[in-house]
Amino acid sequence: MQLDNRAQTLLKALVERYIADGQPVGSRALSKISGLDLSPATIRNIMADLEEMGYVASPHTSAGRIPTPRGYRLFVDTLLTVRHLDEQTVAAERMRLPVQQPQKIIANAAQMLSSLSQFAGVVQSPRRESVFQQIEFLRLSEKRILLVIVDPRGDVQNRLLLTDVDYTPGQLTQSANYLNQNYAGLTFDEVRARLTGELRQLRDDMGSLMQAAVEAGSEAMAEGDDMVISGERNLLSVSDLSSNMSSLRQMFEMFEQKTGLMQLLDVSSKAGGVQIFIGGESKLVPMDEMSVVTAPYEVNGRIVGTLGVIGPTRMAYERVIPIVDITAKLLSNALSQP
C-alpha cells in the first residue's frame, strides 16, 4: 500500500524526532513539527494506519509511537535528505590518510569512521589476489626452508616449510628460478594445475618442494582477508544498545568472531554504492537494535574491500551516509596512488 504525502510527511517527522531524542512521539508533537495543518484527530488516524502497516509501533509505556525497522527502511530509501560533509571536514580527513603502508591507511580509515560518526568504524582489508610475482627459498637449517612470496603489489608473505629432504642452496635456487620463469603472474591454483602435468620432467624431490611451496603459498595469500574495527567502546554509551545486556553481549561476540560481519561486508562489495542494513534484516548481523551502513572501496578502479559504520538503529542516517561515502572515496584515492 502506497503512503500518501501526508502519511510520508508525518512518518518522516516522527523518525527524525525519534532519532534526535529517543522518546516516543505523540500526535500533539507531530502536529507542531510536521508543518501540516491537520487536527490531532486526523494525525491519530494516520498514525493508526501507519501502525497497522508496520511502519511505527506503540510502546506499552507511552501513548506516543516509535519507528519500526520497516519504518526506518522506508525513511532511508525514500524520505531521507542526506547532509553532505563540508569541504573543510573532507580536507581534514584527507590529511589523515597520507600515502604510507596500506595497513596503516586502513587503520586510520577505521578511526576516521569512528570519530566522525561517534559509533564503531570497520574496514575490511583488501582482498589479496592469490598471485605471486616472485618466490625465493632460504635454507634455515637442515630440512627447514623459509618460503618468501612477493605479490604484484610488492607485499611479502613468509612461510616455513618442513621438508623430508635436506635441499642444497643450489637446488633451492634452481627450484625458485623454475617457478619464477614459468609461473610468475599466475595464481597458485593455476600453478598447481600446470605443475601436475609438468612434474614428470623434474626430479621427484624437486617436484615435491615445488608442490609444498604452491600449497603453502596458496594458504598464505588466503589469510590476507581480515578487518579492522575501531571505536567499539563508543557503542557502550549508546543507551539503545547498552541498556540490554543480552544485546550488548551479542554485539561484542559479533565483533570477536567477525564471521557474520565479514559476510555482510562481502555482500556489500557486490552491490556497489552505499548500502544500509537496518536491524536484523540482513540475517547476517541479526540485531534489531543495530544498523550497519557500508560502502565498497577500490584500488586502481577495482573493488577490493568494504568499509562501514556500526551503530544503533536510531542513528542519524543523513549524517552517517556521507561519512561512509566520503571515507570510501578517500581510502580508494589513498590506496590507488602510484
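Preceding this section is the structure that the text describes.
In this text the structure is predicted, and so the values were computed from the model without any measurement.

Enquirer: Honestly, helix α13 (residues 317–336) in this entry has me stumped. Any pointers?
Expert: Owing to its 3.6 residues per turn, the α-helix brings residues three or four apart onto one side. If you check α13, its first and last C-alpha atoms are 28 Å apart, about what 20 residues at 1.5 Å a residue would give, namely 28 Å. Burial within α13 is extensive, with 14 of its 20 residues counted as buried.

Enquirer: I'm lost on the pattern of salt bridges in this one. Help?
Expert: If the charged atoms of two oppositely charged side chains come close together, the side chains can form a pair. Under the defined criterion, the tally for this structure stands at 7 salt bridges. Of the charged contacts, one joins Arg314 and Asp240 as a salt bridge, the two residues approaching to 3.1 Å between their closest N and O atoms. Pair noted here: Arg314 is in the loop between β10 (302–312) and α13 and Asp240 is in helix α10 (residues 239–242), with a separation of 74 residues, a long-range link. Judged by relative accessible area, Arg314 falls into the buried class, the value being 18%. Since its relative accessible area comes to 22%, Asp240 is described here as partly exposed.

Enquirer: Could you clarify how one ought to interpret the nonpolar core in this entry?
Expert: Nonpolar side chains in soluble globular proteins tend to end up buried together. By size, the foremost hydrophobic cluster in this structure holds 78 residues, and its most contacted members are Leu50, Leu261 and Tyr317. Counting residues per element, this core draws most heavily on α13, which supplies 10 residues. Those residues in contact with Leu261, other than ones at most four positions away along the chain, are Val122, Met227, Ile229, Met254, Phe255, Val285 and Ile310. Judged by nonpolar contacts, the second largest core, of 21 residues, contains Phe137, Tyr183, Leu195 and Met210.

Enquirer: Is there a simple way to explain the sheet that holds strand β3 (residues 120–124) in this structure?
Expert: Within a sheet, neighbouring strands are paired by backbone hydrogen bonds and run either parallel or antiparallel to one another. If you walk across this open sheet you meet the 5 strands as β7-β3-β10-β9-β8, and the pairing is antiparallel. With partners counted over all chains shown, the strands left at the sheet margins are β7 (227–230) and β8 (275–278), one partner each. The sheet shows a mean angle of 20° between the axes of neighbouring strands, taken without regard to direction. Judged from the 4 bridges that link them, β3 and β10 form a sheet pairing that is antiparallel. Considered in β10, the bridge of Ala120 is made with Ile310.

Scoring rules and cut-offs
- Sequence order sets the numbering: in each chain, residues are counted from 1 along the sequence as written.
- Where local features are concerned, this predicted model is filtered to residues with pLDDT of at least 70; where side-chain atom pairs are given and counted, the filter is 80 or more; whole-chain, interface and lining totals use all residues.
- Derived side-chain values reflect all non-hydrogen atoms in the structure, with water molecules and hydrogen atoms excluded from consideration.
- Think of it this way: any DSSP run of H or I at least four residues long counts as a helix, any run of E at least two long counts as a strand, and we number them from the N terminus.
- Take the residue count of a helix, subtract one, and multiply by 1.5 Å to get its expected span.
- To sort residues, take the accessible area from a 1.4 Å probe on protein chains only and compare it with the maximum for the residue type: under 20% means buried, over 50% means exposed, and anything in between is partly exposed.
- Whenever a carboxyl oxygen of Asp or Glu lies within 4 Å of a side-chain nitrogen of Lys or Arg, that contact is scored as a salt bridge.
- Remark: nonpolar core denotes a set of buried residues (Ala, Val, Leu, Ile, Met, Phe, Trp, Tyr, Cys) joined through side-chain atoms within 4.5 Å.
- Between two residues, a contact is recorded if the distance between any of their heavy atoms is within 4.5 Å.
- One requirement defines pairing of two strands: DSSP has to find at least two bridges between them.
- Throughout, an axis means a line fitted to C-alpha atoms (over the contacting stretch in the case of helices), and angles, computed between N-to-C directions, take values from 0 to 180 degrees.

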